[in-house]
2 protein chains.
Amino acid sequence: MAKKEQGFVQDITPMDEDFSRWYTDVVKRAELMDYSDVRGCMVIRPYGYGIWELIQKEMDARFKETGHKNAYFPMFIPENLLKKEAEHVEGFAPEVAWVTKGGNEMLAEPLVVRPTSETIICSMYARWVQSYRDLPMLLNQWCNVVRWEKSTRPFLRTSEFLWQEGHTVHASYEEAQEETMRMLEVYREFAYNVLAIPVLTGQKTEKEKFAGAQDTYTMEAIMHDGQALQMGTSHNLGQHFAKVFDIQFLDKDGQRKYAWQTSWGTSTRMIGGLIMVHGDDRGLKLPPRVAPVQAIIVPIAMHKEGVLDKAGEVLAQLQAAGIRAEMDTREQSPGWKFNEWEMRGVPLRIEIGPKDIEKGQAMFARRDTHEKTAVSLENIAQSVKEMLDNIHDTMLEMAREHRDAHIFHAETFDQVREAVDKKKGFALAPWCGDRACEEHVKAECGITTRCMPFELQDQAEGKVCACCGKPAKKMIYWARAY
Amino acid sequence: MAKKEQGFVQDITPMDEDFSRWYTDVVKRAELMDYSDVRGCMVIRPYGYGIWELIQKEMDARFKETGHKNAYFPMFIPENLLKKEAEHVEGFAPEVAWVTKGGNEMLAEPLVVRPTSETIICSMYARWVQSYRDLPMLLNQWCNVVRWEKSTRPFLRTSEFLWQEGHTVHASYEEAQEETMRMLEVYREFAYNVLAIPVLTGQKTEKEKFAGAQDTYTMEAIMHDGQALQMGTSHNLGQHFAKVFDIQFLDKDGQRKYAWQTSWGTSTRMIGGLIMVHGDDRGLKLPPRVAPVQAIIVPIAMHKEGVLDKAGEVLAQLQAAGIRAEMDTREQSPGWKFNEWEMRGVPLRIEIGPKDIEKGQAMFARRDTHEKTAVSLENIAQSVKEMLDNIHDTMLEMAREHRDAHIFHAETFDQVREAVDKKKGFALAPWCGDRACEEHVKAECGITTRCMPFELQDQAEGKVCACCGKPAKKMIYWARAY
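Residues numbered from 1 in each chain as written. Chains lettered and ligands numbered in written order. Predicted model: local features only at pLDDT ≥ 70, side-chain atom pairs only at ≥ 80, totals over all residues. Heavy atoms only, no water.

Would you explain the overall build of chain A in this entry?
Within chain A, the regular secondary structure consists of 15 helices and 24 strands. Taking the principal axes of its C-alpha atoms as reference, chain A extends roughly 80 × 55 × 50 Å. Sorting the 482 residues of chain A into buried and exposed places 60% on the buried side. Carbon and sulfur atoms make up 47% of the accessible area of chain A, which totals about 19000 Å². (Helix = DSSP H or I, 4+ residues; strand = E, 2+ residues; numbered from the N terminus. Buried < 20%, exposed > 50% of the residue type's maximum accessible area, 1.4 Å probe, protein only. Areas by Shrake-Rupley, 256 points an atom, 1.4 Å probe, with all protein chains shown as cover.)

What exactly am I supposed to notice about unusual backbone geometry here?
It is generally the case that most residues other than glycine have a negative phi and that most peptide bonds are trans. All names here are of chain A. Between Leu135 and Pro136 the backbone carries a cis peptide bond, its omega angle lying at -5 degrees. Relative to the helices and strands, Pro136 is located in the loop between α6 (118-128) and β7 (137-146). In this model, Asp246 sits at a positive phi of 60 degrees, which is unusual for a non-glycine residue. The phi torsion at Ala301 lies on the positive side, around 50 degrees, for a residue other than glycine. Mapping Ala301 onto the fold places it in the loop between β15 (295-299) and α10 (307-320). You can call Ala301 partly exposed: its relative accessible area is 23%.

Would you take a moment to explain the relation of the copies chain B and chain A for this structure?
In this arrangement, two copies of a chain are superimposed by a rotation about an axis accompanied by a shift along the axis. Under the fitted operation, chain B is carried onto chain A by 0.0 Å of movement along the axis and a turn of 180 degrees, and the coordinates agree to an RMSD of 0.0 Å. Here the symmetry operator amounts to a two-fold rotation axis. Residue B:Val99, judged by its C-alpha, is the member of chain B lying nearest the rotation axis, at 2.1 Å. The overlap is high: 100% of the interface residues of chain B also sit at the interface in chain A, so the same surface is used on both sides. (Least-squares fit on C-alpha atoms with pLDDT ≥ 70 in both. Contact = heavy atoms within 4.5 Å.)

Just to check I follow, could you spell out the sheet that holds strand β16 (residues 325-327) of chain A for this structure?
Sheet strands pair via backbone hydrogen bonds, and the direction of the pair is either parallel or antiparallel. Residues and elements named next belong to chain A. Taken in spatial order, the 5 strands line up as β16-β15-β17-β18-β19 in an open sheet, and their pairing is mixed. Pairing within the sheet leaves two strands with one partner each, and these edge strands are β16 and β19 (372-376). Strand-to-strand, the axes of this sheet are offset by a mean angle of 25 degrees, without reference to chain direction. Examined bridge by bridge, β15 and strand β17 (residues 348-352) share 5 bridges and lie parallel to one another. Counterpart to Ile297 in the pairing with β17 is Ile350. This element, α10, spans β15, β16 and β17 of the sheet and lies at about 165 degrees to β16. The sheet contacts of helix α11 (residues 334-343) involve β15, β16 and β17, and relative to β15 the element is tilted by about 170 degrees. (Pairing = 2+ DSSP bridges. Axes fitted to C-alpha atoms, helices over the stretch in contact; angles between N-to-C directions.)

What is the right way to look at the sheet that holds strand β14 (residues 260-267) of chain B in this model?
Residues and elements named next belong to chain B. Within the open sheet, the 8 strands sit side by side as β3-β7-β8-β14-β11-β10-β9-β23. Their pairing is mixed. Lying at the two open borders of the sheet, with one neighbouring strand each, are β3 (69-70) and β23 (452-453). Both β3 and strand β7 (residues 137-146) contribute to a ladder of 2 bridges, which runs parallel. Counterpart to Asn70 in the pairing with β7 is Asn140. Against the sheet, helix α3 (residues 46-65) engages β3, β7, β8 (160-170) and β14, with an angle of about 165 degrees to β7.

How should the pattern of salt bridges be read in this particular structure?
Pairs can form between side chains of opposite charge whenever their charged atoms are close. Residue and element names in this part refer to chain A. For the coordinates displayed, the defined rule picks out 76 salt bridges over all chains. Between Arg182 and Glu178 there is a salt bridge whose closest N-O contact spans 3.1 Å. Here Arg182 pairs with Glu178, and both are found in helix α7 (residues 173-193), just 4 residues apart, close to one helical turn. Arg182 sits in the partly exposed class, given a relative accessible area of 31%. One network of salt bridges, with partners in common, ties together Arg282, Glu342, Arg349, Glu351 and Lys372. (Salt bridge = Lys/Arg side-chain N within 4 Å of Asp/Glu carboxyl O.)

Just checking my understanding: could you explain the interface of chain B and chain A for this structure?
When the parts come together, some accessible area is lost, and that loss is often what is quoted as the size of the interface. Between chain B and chain A, the contact holds 52 residues from the first and 52 residues from the second. Notably, a salt bridge pairs B:Glu53 with A:Lys64, separated by 2.9 Å at the nearest N-O pair. If you look at where chain B meets chain A, you find 26 residue pairs in polar contact (both at pLDDT 80 or more). Residue classes in the side of chain B that touches chain A are distributed as 31 nonpolar, 8 polar and 13 charged. Summarising the sheet, strand β5 (residues 97-102) of chain A and strand β5 (residues 97-102) of chain B pair through 5 bridges and their orientation is antiparallel. Note that in β5(B) the partner of A:Ala97 across the bridge is B:Gly102. (Polar contact = N/O pair within 3.5 Å; in protein donor to acceptor, adjacent residues only side chain to side chain. Nonpolar A, V, L, I, M, F, W, Y, C, P; charged D, E, K, R; others polar.)

Explain the nonpolar core to me, please; I cannot follow it from the model alone.
Note on soluble globular proteins: their nonpolar side chains tend to be buried together. Residues A:Phe76, A:Ile275, B:Phe76 and B:Ile275 are the most contacted members of the largest nonpolar core, which totals 262 residues. Setting aside residues no more than four positions away along its own chain, B:Phe76 makes contact with A:Val38, A:Cys41, A:Ala97, A:Val113, A:Val146, A:Trp148, B:Val99, B:Leu111, B:Val112, B:Val113 and B:Ile120. (Core = buried A, V, L, I, M, F, W, Y, C linked by side-chain atoms within 4.5 Å.)

For this particular structure, what's the right way to read the packing of aromatic side chains?
In this description, an aromatic ring pair is defined by two values, namely the gap between the centres and the angle between the planes. Residue and element names in this part refer to chain A. A complete count under the given rule lists 28 aromatic pairs over all chains for this structure. Look at Trp52 and Trp142: their rings are 5.8 Å apart centre to centre, the planes differ by 75 degrees, and that puts the pair in the edge-to-face class. Highlighted residues: Trp52 in helix α3 (residues 46-65) and Trp142 in strand β7, separated in sequence by 90 residues. Residue classification places Trp52 among the buried positions, given a relative accessible area of 1%. Accessibility expressed as a relative area gives 11% for Trp142, which makes it buried. Ring geometry for Phe73 versus Trp128: centroids 5.9 Å apart, planes at 45 degrees, classification tilted. Residue Phe73 is found in the loop between β3 (69-70) and β4 (76-78), and its partner Trp128 is found in helix α6; the two are separated by 55 residues along the sequence. (Phe/Tyr/Trp six-rings, centres within 6.5 Å; stacked < 30°, edge-to-face > 60°.)

How should the pairing of β7(A) be read in this particular structure?
Working note: regular strand, side chains alternate between the two faces of the sheet. Residues and elements named next belong to chain A. The element β7 is extensively covered by neighbouring structure, given that 10 of its 10 residues are classed as buried. Of the strand pairs in this sheet, β7 and strand β8 (residues 160-170) are connected by 10 bridges, and their pairing is antiparallel. Across the sheet, residue Val146 finds its bridge partner in β8, namely Glu160.

Explain the pairing of strand β17 (residues 348-352) of chain B here, please?
Counting buried positions along β17(B) yields 5 of 5 residues, so the element is predominantly enclosed. Side-chain alternation along β17(B) places B:Leu348, B:Ile350 and B:Ile352 on one buried face and B:Arg349 and B:Glu351 on a second face that is also buried.

Looking at this model, I keep getting lost on the environment of B:Phe155. Mind explaining?
Residue and element names in this part refer to chain B. One can find Phe155 in the loop between β7 and β8. The spatial distance from the C-alpha of Phe155 to the C-alpha of Cys41 is 9.7 Å, given a sequence separation of 114 residues. Beyond its immediate stretch of four places on either side in the chain, Phe155 contacts Tyr23, Val27, Leu32, Met33, Met42, Ile44, Thr268, Arg269, Ile271, Gly272 and Ile275.

Laid out in structure tokens, this is it:
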């Protein structure tokens, strides 16, 4: 056993040795994904896709509660539509895939595979929006998108990925801004309460905002290695797209006006985020609310009379209570199974053996803290539910502690670099607000601005920019980003 | 009112005048879809997508109950993969979209946008399948696919469409055949019990089978105009793909063997089917289990005290009971609303006015039979549920009557043509089994074979082929097909 266990853990590179290899070892070993023959595209295997299905279910319920409906728009976008909004085409044209041939004929106008759907959706909104009575128009789409990436990494950056994109139309700037912030809050609440990731929220700079947006807001998370991952963005598009796509409505006052719009998106990238926030040297550690298997029952001494019967009874009780439970009755030893399910990140392991049955109990082993406790078989489904909630809370708290321990105040450029490169975290620093300063820092050392946190802006008062020394206008997070 | 109602119905061409125009009027007017700027691609609007979401939910539960898991494979397929299986490439190459440029560079090898995913999935199965312990491998994928169609029609035939495709691997022919038939039965049961469509099932001929399959089975439905719609297919792929993609496994007997495979699919085309089976001159008629709105509450004399309160109470009760109910409180007259919701196919309308409230009742108006009945407000949610089940059963029965009245026995070619072109239905006829005969009939008059029904094969005995006079081997349905 001891030998097997060792051999097993050796499949995964320790985090501190090489975080990037640890990550690829984990996603591969846990069968979340596999590489394909197609450049930059990955296969999402059932265990990884199961996480995505749970993410979709949770998010979709939140979108519907806030009044949104799903729709589906064509994946192909004619070149002329993509080119209508100047900033948008500049941002996306270099990274799109082009369809130039259909069946046996060359196309008169090439089509791009959607990198995002603002343009095709706006071309429809121009028809559907006529009167203030049609507003707000609140749609969301679940789909695949393609961005031709030069270097890719599973879940974090692939040429094709899965996402949701919300697209809304409003009668005023204020309503669009309210929607933008509402959806950022939906994302933030989802990150905390489902993914157990304590994201930071704030506004993006002009340089980092979405191509074509008026303002972009973001949720950013600190990974285990101190780097940033942008987990979702919400854009107030202003009237940028409405003006080029001619989306006008007749307002209550009898005037024809350009509409105001928002868009917002999150993707399978979030799966990369939860791996890098929660994982450890044993492998994955899944937050219970998106774990395809929440509780794994491992019968001990399976061959002994009554063990499989009792374990099966418990399994049935848990499943009847809506818990995603499975039982592992394979030939391998319990020790091998413990390792296997820990590596796959299952939040709770339940061991049931002859001695446990005698005592009317089961052993609970938590993936988050590795604690083991004996729990009565009476009302076991209720005990599991409570334990899963507790594991969620504990994982969120552990991630919050890690986050807070990796944010460093910086007043000088040296301190920014020290925070990011030595202390491996985020620098929170006063900033002048100039794009040139941001570009200079990025060119110098590859560190980028993440966001301007809403609640800390008054700290900038009277300070100077940590990077260039000019009077500070904003407080901003600097980090290295995935 | 009368004038408005009339004007309203005139938006939809009567079925008997022009069925094809009736269809496009309905899908457009009911806001199921809209045409886009992209050739052959449509937009699925929220009301249409809502039907698809309910179809997905019902089917997905059935796939999971039968042991399948979802996964996601790349949308792009390298040319060399598509070309591996000879029949497959011949069937699909003429109708694929080609990506030839990514970002700013021409691709060394062009990629096709998946028309179906056998090839890309088999390239992965070749890695994943090693031992009999890995089998069966039971995966399904929900995604978009592209087939470059010359002439398109909303939902029925579009260049891009949404579908599910199951792909499984087995250790023996028998297991693959069992899976093929199991999934055909899942489809059939779904068509009957969810879509209220009494499909016919059977085997496809060699000519009509899937490109690359050993045998194809299908469910076919008879539309209101007597034409056939193929609603879903299930293929036994034999070892065709396993041999060219080298999917081998070490069997229990220590021998390496090629695996056996199946694939099976259904698509948004089913939405076209349910429109053309159930609809009438007033518009859509949705089967309750996939109706985004199952019950619409129309308050009568809304301004009178207590009406909106009581109607709102009923709404809350229905929604709490899991019924997809909505209330229409717009300014328009009740008559306008009746027409509107009938056109949109809502199965049950509930009218609540001051007199109803006095009597402790509501008026139920069924979309299927147009019957109106007074129903007590006590336990109204239960009454609605029962009514919806009754509507489902009645719609299925009406469709079954239509189906059975449009199947005609034919012994000669004239009778086949008469059944199809004069009586507007299916011909059930003895057939020689020769591809040449099928090709001749198709060339002559555009009539095609639909399937060989399992349960009627003994009727062929001693008969001659209705089309060519040679001894008959099979009983087969002939029809015009969408």
